[in-house]
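Listed below are the residues making up each chain.
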Amino acid sequence: MTAVRVGTLATRRVGAALAAGRLNLHLGPFSTALQSHSAKVTRYFCDLYRDCLVTLNEDEIVDYTLRVGAPNLLRRFVRPQIVPDPGFHFPALPLPAHMAPLALEMGMNLTAALQCFRFVMFHAGVVAKNDNAVMIAAHSGGGKSTLTAAMMEAGYRLLSDEFAILHRSRPVLQPYPRPVSLKNASIDVVQAFAGNDAVSTRLEGTPKGTIAYRRARRADVEAMNQVAVPKLLIFPHFTDGRQPGVTQVEPADAAMRLVAGSPNYQVVGEAAFESTMAMFDSLACYEISYGNTEDSVRLVEDLFQETGA
Amino acid sequence: MSSSVEKEWLWFADQSLFSVREMGEVTYIYSLRSGNTHVFNAVSMAMLQYFVAAPRGVDELIAHFPDLMGVTREECPRGVIRRIFGELDDAGLVQPVEKRA
Amino acid sequence: MKRAFFRAAVGLTALPENQLDLSRFLRWAAHDHILGQVAAAHVDEAGGKLKDVLENARIRSAHDRRMLTFEADRISRALLGSGIEPVLLKGGAYVAAGLRAGRGRRVSDIDILVEDQRLAETEVLLREAGWQGDSSTAGDYDQQYYRRWMHELPPMRHGTRRTLIDVHHRLLPRTARLQPRHDLMMAASVKLESTGLRAFSPMDRFIHSAIHICADGAFETVARSFIELYYLFGDLEADDRRRLIDRAAEVNALKPVASALWAVSHYFGSANAHAALRSMGVMKVGVALRFILRVVVRGGRLAPVARLALYVRSHYMRMPLAMLAKHLFSKAFKRGGQARATRSGG
């Protein structure tokens with residue numbers, strides 16, 4: 001069958017296909033066969049992935065398969081739990097069944113992070129304007145996802161919240177526009193400027209606190225095959241109430257920090273080295289500190305202007 | 001490394017087995033043999049180049065390296081030279097090529 | 001169906017034409033960790049998503065090959081000047097010798113075999129070069145168990161590269177029912193130009209693989225194991241094939257070799273393997289084992305039971321029953337103890 005947008009399908013049909021393991025998500029460079037019996041996974045998927053393309057058949061050749069379900073038969077019925085199973089041994093912690101969306105998103109991250117070698121993956125959010133990209137590096141407490149979501153409101157398209165996906169043959173980034181994961185206070189912030197419809201219902205009491213997801217927009221999904229040239233690399237530092245500040249980072253240091261957080265740089269080998277080095281040839285790298293989202297957006301916009309992009 | 005092995009062999013760095021990119025004050029080196037990326041400062045880089053030029057012994061290195069770097073022997077003690085050489089050896093960037101006569 | 005999959009996996013036949021079969025084949029290959037081997041055997045056939053999947057697998061297995069090659073290099077560096085020339089076993093040897101059995105193979109650790117009397121020296125030199133006892137077997141019980149009963153040192157992990165090495169001094173535990181003549185096999189080993197290390201002769205590689213898979217392993221990776229046997233057998237010269245059974249008798253490995261020949265003949269339709277098996281005359285592969293293997297390969301409802309049977313069999317073949325019970329008891333007791341400690345600590 002030809003691919004259709006999730007939003008054009010009845011929820012029941014998506015649920016049946018998910019239960020049968022016949023739902024294939026085609027997003028950016030990856031096709032993923034999804035399987036789940038959970039009605040919560042179905043509901044979440046129909047909502048947050050509504051603009052994404054899927055096929056409903058079992059003979060699809062896919063990059064990854066992901067099952068999201070109970071760790072065993074008992075936990076499907078008694079104090080139900082849910083866990084992502086990417087098809088290889090991975091010590092994932094079972095979650096209470098109502099956290100199904102988290103299990104799905106964790107599973108989607110795992111499948112790509114641990115099984116993709118056709119691209120070099122870095123742990124960063126990526127947005128772009130006119131196909132020039134800003135990478136927002138991840139580190140704890142940095143505010144990567146909040147800033148990524150905020151940049152979406154400032155006229156940038158979303159490439160990815162979780163991975164900067166670098167081609168091996170040339171230094172361009174591949175989109176993989178999945179939902180942006182928001183934690184705790186940042187949920188209110190993003191909801192305030194993106195609107196209620198853009199954000200999923202909240203999951204309280206997860207291992208990471210309260211979590212909600214901001215949907216990738218139709219335009220982001222439609223540009224999912226359009227690569228962008230990385231121009232700016234940002235290491236964000238959020239401290240509540242802090243005055244905005246900018247520090248330049250030596251490319252050599254920035255490269256080391258980015259490579260250290262890559263799940264597959266080592267495996268990809270020489271092509272990863274060459275492409276990463278080529279990327280840093282024309283990449284401006286900065287640490288920014290800020291106390292509120294408006295400041296962070298303004299800092300990034302100014303730095304982006306300076307790159308001449 | 002046992003010092004007898006170090007003394008008995010000549011060491012060589014095969015340029016075709018690594019890829020080099022300068023970035024600011026450091027050099028990124030990708031080793032095709034190990035698949036590892038190393039970040040070298042000017043001193044380590046100079047030592048690597050010393051072994052690219054020709055197979056050499058560690059005692060030669062200890063004798064020549066301070067001059068090569070334009071520093072005195074006191075500024076560049078043999079312990080430091082040995083340690084840096086050990087890093088090149090551990091990384092597989094220098095290889096034993098022939099036994100000394 | 002599975003027989004057709006095995007043949008496609010090694011390139012004896014083209015990939016399944018039917019889209020549904022192809023998709024099932026790829027999922028089977030991914031699950032059984034042989035996608036890299038499939039990708040190596042089918043270089044020109046791919047287009048579209050199939051190309052992506054095979055290319056991805058190729059990059060992954062290129063990394064494993066690079067890692068293994070470098071580890072072999074590091075071992076020979078660690079032993080430089082000692083005169084110790086270990087025999088690289090299994091994947092390490094296949095890759096270093098450039099064999100088909102090494103193409104696209106997924107590997108995580110490296111195995112070497114050294115003479116008993118140079119074992120202690122080897123261990124010291126590897127430690128000096130940065131390999132240390134792995135934390136998962138650093139406990140006193142495990143250390144004692146390995147040193148007393150096993151055919152290898154407790155696995156060692158390199159401090160910075162995090163790679164694992166198994167140093168063997170024989171091919172099976174001292175307690176195993178089967179005692180292959182590793183001394184004869186070492187004596188016939190050949191030097192590998194690329195590394196300064198050694199590998200078994202082609203015949204002995206097949207025999208050792210048969211021992212490892214059919215007498216030692218628990219058949220946890222059936223597809224991978226059978227593909228390995230198929231390639232190793234296929235690489236034998238006619239003369240080696242004729243002498244194989246005599247050699248197997250000589251090194252005391254007739255039984256596993258018979259099982260291996262059966263697998264190569266049954267799953268890949270190898271006439272040569274069938275002929276070799278027939279020439280063994282009275283030697284027959286146990287009906288029960290053949291049945292169990294078929295069930296495991298086919299998968300489905302009975303597969304877990306069959307796997308359990310193979311697991312018990314593999315342990316049973318390694319040690320007498322009373323000892324097995326003691327070992328399993330110690331393991332279980334130890335696990336329980338650790339779990340409690342973790343919980344109270346956390």
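Reading the values: rules and limits
- Residues numbered from 1 in each chain as written.
- Chains lettered and ligands numbered in written order.
- Predicted model: local features only at pLDDT ≥ 70, side-chain atom pairs only at ≥ 80, totals over all residues.
- Heavy atoms only, no water.
- Contact = heavy atoms within 4.5 Å.
- Buried area = accessible area lost by both parts, 1.4 Å probe.
- Salt bridge = Lys/Arg side-chain N within 4 Å of Asp/Glu carboxyl O.
- Helix = DSSP H or I, 4+ residues; strand = E, 2+ residues; numbered from the N terminus.
- Nonpolar A, V, L, I, M, F, W, Y, C, P; charged D, E, K, R; others polar.
- Polar contact = N/O pair within 3.5 Å; in protein donor to acceptor, adjacent residues only side chain to side chain.
- Phe/Tyr/Trp six-rings, centres within 6.5 Å; stacked < 30°, edge-to-face > 60°.
- Buried < 20%, exposed > 50% of the residue type's maximum accessible area, 1.4 Å probe, protein only.
- Lys NZ or Arg CZ within 6 Å of the ring centre and 35° of its normal.
- Pairing = 2+ DSSP bridges.
- Axes fitted to C-alpha atoms, helices over the stretch in contact; angles between N-to-C directions.

A.B. asks: Report on the interface of chain B and chain A, specifying residues and quantitative values.
C.D. replies: Contacts between chain B and chain A engage 13 residues on the former and 14 residues on the latter. Regarding the contact of chain B and chain A, the summed buried area is about 1200 Å², with carbon and sulfur atoms giving 60% of it. Between chain B and chain A we count two salt bridges in total. One salt bridge in this structure joins Glu274 of chain A and Arg21 of chain B, with 3.8 Å as the shortest N-O distance. Residue assignment for the side of chain B that touches chain A shows that the elements contributing at least two residues are strand 2 (18–23), strand 3 (26–31) and strand 4 (37–40) of chain B. Broken down by element, the side of chain B that touches chain A gets its largest block of residues, four residues, from strand 3 of chain B. Tallied by class, the residues present in the side of chain B that touches chain A amount to seven nonpolar, five polar and one charged.

A.B. asks: Please give an account of the interface of chain A and chain C that cites residues and values.
C.D. replies: Across the contact, 22 residues belong to chain A and 18 residues belong to chain C. Of the roughly 1700 Å² buried where chain A meets chain C, counting both sides, 55% is carbon and sulfur surface. Scanning the region where chain A abuts chain C turns up four salt bridges. In this structure, Glu58 of chain A and Arg24 of chain C form a salt bridge, with 3.7 Å as the shortest nitrogen-oxygen distance. Across the contact surface, chain A and chain C share twelve residue pairs in polar contact (both at pLDDT 80 or more). Among the elements of the structure, strand 3 (30–35) and helix 9 (265–268) of chain A are those that each provide at least two residues to the side of chain A that touches chain C. Class assignment of the residues belonging to the side of chain A that touches chain C gives a composition of nine nonpolar, seven polar and six charged.

A.B. asks: Requested: an account of the packing of aromatic side chains, with residues and values cited.
C.D. replies: One pass over the structure, following the stated rule, counts 24 aromatic pairs over all chains. When the ring of Phe6 of chain C is compared with that of Tyr267 of chain C, the centres are 4.9 Å apart and the planes differ by 50°; the resulting orientation is tilted. With Phe6 of chain C in helix 1 (residues 2–9) and Tyr267 of chain C in helix 12 (residues 254–268), this pair connects stretches of sequence that are 261 residues apart. Tyr267 of chain C shares its class with Phe6 of chain C; the two are buried. Here a set of aromatic residues connected by ring pairs shows up, and it is made of Phe5, Phe6, Phe25, Trp28, Phe226, Tyr230, Tyr231, Trp262, Tyr267 and Phe268 of chain C. The side chain of Arg56 of chain B reaches across the aromatic face of Tyr50 of chain B, ending 4.1 Å from its centre.

A.B. asks: Residues and numbers for the pattern of salt bridges, please.
C.D. replies: Residue and element names in this part refer to chain A. Applying the stated criterion across every chain yields a total of 45 salt bridges over all chains. One salt bridge connects Arg157 with Asp131, and the closest N-O pair in it is separated by 2.7 Å. Here Arg157, found in strand 10 (residues 157–160), pairs with Asp131, found in the loop between strand 8 (119–129) and strand 9 (132–137); they are 26 residues apart in sequence, far enough to count as distant. Accessibility expressed as a relative area gives 12% for Arg157, which makes it buried. A salt bridge links Arg202 to Asp188, with the shortest nitrogen-to-oxygen separation between them at 2.8 Å. Remark: Asp188 occurs in helix 6 (residues 185–194) and Arg202 occurs in the loop between helix 6 and strand 14 (203–206); sequence separation between them is 14 residues. Via salt bridges that share partners, Asp47, Arg50, Asp51, Asp197, Arg215, Arg218 and Glu222 belong to a single interconnected network.

A.B. asks: So what's going on with the sheet that holds strand 4 (residues 156–158) of chain C? Which residues, and what values?
C.D. replies: Residues and elements named next belong to chain C. Taken in spatial order, the seven strands line up as 3-4-5-2-1-7-6 in an open sheet, and their pairing is mixed. The sheet terminates laterally at strand 3 (131–133) and strand 6 (190–191), the two strands that pair on one side only. Direction of pairing for strand 1 (residues 87–89) relative to strand 2 (residues 109–113): antiparallel, over a ladder of three bridges. What sits directly across from Leu88, in strand 2, is Ile112. On the sheet, helix 4 (residues 48–78) packs against strand 1, strand 2, strand 3 and strand 5 (164–168) and is oriented at approximately 40° with respect to strand 2.

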